[in-house]
Amino acid sequence: YFFAALIVYKKQVLLVYAPEYESGGTMFPACCRRIIIGLICGQITLIGYMILRAGFYEPLSLIPLPFITYKMIATFDRLYYAPSTQLSLDRAMQLDKCSMVKIQFDEDLYRQPVLQATSVTPLPYRITAESRLSPTSSLGMLNRESDTSKLEI
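Draft legend 1. Spatial organisation of helix H2 (residues 28-52). The end-to-end C-alpha distance of H2, which contains 25 residues, comes to 36 Å, matching closely the 36 Å that a straight helix rising 1.5 Å per residue would cover. Where H2 ends, the next residue or the one after it, Ala54, has phi of about 65°, a positive value.

So this is what it looks like as structure tokens:
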């Protein structure tokens, strides 16, 4: 029963239910910053707990950890926040579909010239007069009379 329910609900979530709104990632920087600040608070709490338990080397080894984690906030801002302020691809597609300008797309615009060539029929390979007469060709393959009679030199 649970396996069948898993399949049904997974399909419904993926294909049937559509979210009513999409933030486009505008909440990500705030959530990421708050999670990292919570992580720093947890690390400071761990250092304090180690000091209370009369640890000496453990708190000393953990002191750089909150500073390294705080440095990650700047890294995440540079890697994720700056790109997320620009237009998302989904929103750009919606704007293109609703725009007044209709651009005709040429399918052969980015196609390589080799792929645009028409199909060619191959020419016979190494057909000589002696290969017509002998049952084996110079390549060691059998020639049938019906196949060689179709070829014209």
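Draft legend 2. Local environment of the packing of aromatic side chains. A full pass over the atoms with the stated rule returns two aromatic pairs. Considering the side-chain rings of Tyr1 and Phe2, the 5.3 Å spacing of their centres and the 75° angle between planes classify their relative orientation as edge-to-face. Judged by its relative accessible area of 77%, Tyr1 is exposed. Taking the relative accessible area as the measure of exposure, Phe2 reaches 68% and is therefore exposed.

Draft legend 3. The environment of Ala74, seen in detail. Within the element layout of this structure, Ala74 appears in helix H4 (residues 64-84). Sequence separation of Ala74 and Arg33 is 41 residues, and the distance between their C-alpha atoms is 9.5 Å.

Draft legend 4. Main features of a nonpolar patch on the surface. Together, Val13, Leu14, Leu15, Val16 and Tyr17 give the surface a local cluster of nonpolar side chains, amounting to about 590 Å² of exposed area. By secondary structure assignment, the location of Leu14 is in helix H1 (residues 2-16).

Draft legend 5. View of empty space enclosed by the protein. Summed over the entire model, instances satisfying the criterion amount to one cavity of 30 Å³ or more. By volume, the largest cavity is sized at about 60 Å³. Lining the largest cavity, in full, are Phe28, Pro29, Cys32, Arg33, Ile36, Ile73, Phe76, Asp77, Tyr80 and Tyr81. Every element with two or more residues in the lining of the largest cavity is listed here: H2 and H4.

About the criteria used
- Residues numbered from 1 in each chain as written.
- Predicted model: local features only at pLDDT ≥ 70, side-chain atom pairs only at ≥ 80, totals over all residues.
- Heavy atoms only, no water.
- Helix = DSSP H or I, 4+ residues; strand = E, 2+ residues; numbered from the N terminus.
- Expected span 1.5 Å × (residues − 1).
- Phe/Tyr/Trp six-rings, centres within 6.5 Å; stacked < 30°, edge-to-face > 60°.
- Buried < 20%, exposed > 50% of the residue type's maximum accessible area, 1.4 Å probe, protein only.
- Patch = residues over 30% accessible without salt bridge, like charges linked within 9 Å, V, L, I, M, F, W, Y side chains within 5 Å.
- Areas by Shrake-Rupley, 256 points an atom, 1.4 Å probe, with all protein chains shown as cover.
- Salt bridge = Lys/Arg side-chain N within 4 Å of Asp/Glu carboxyl O.
- 1 Å grid on protein atoms, 1.4 Å probe; cavity = no way out; pocket = protein on both sides within 12 Å on 5 of 7 lines; lining within 4 Å.
- Points joined across faces, edges and corners; volume = space filled by probe spheres on them.

Distances and angles like these do not, on their own, reveal function.
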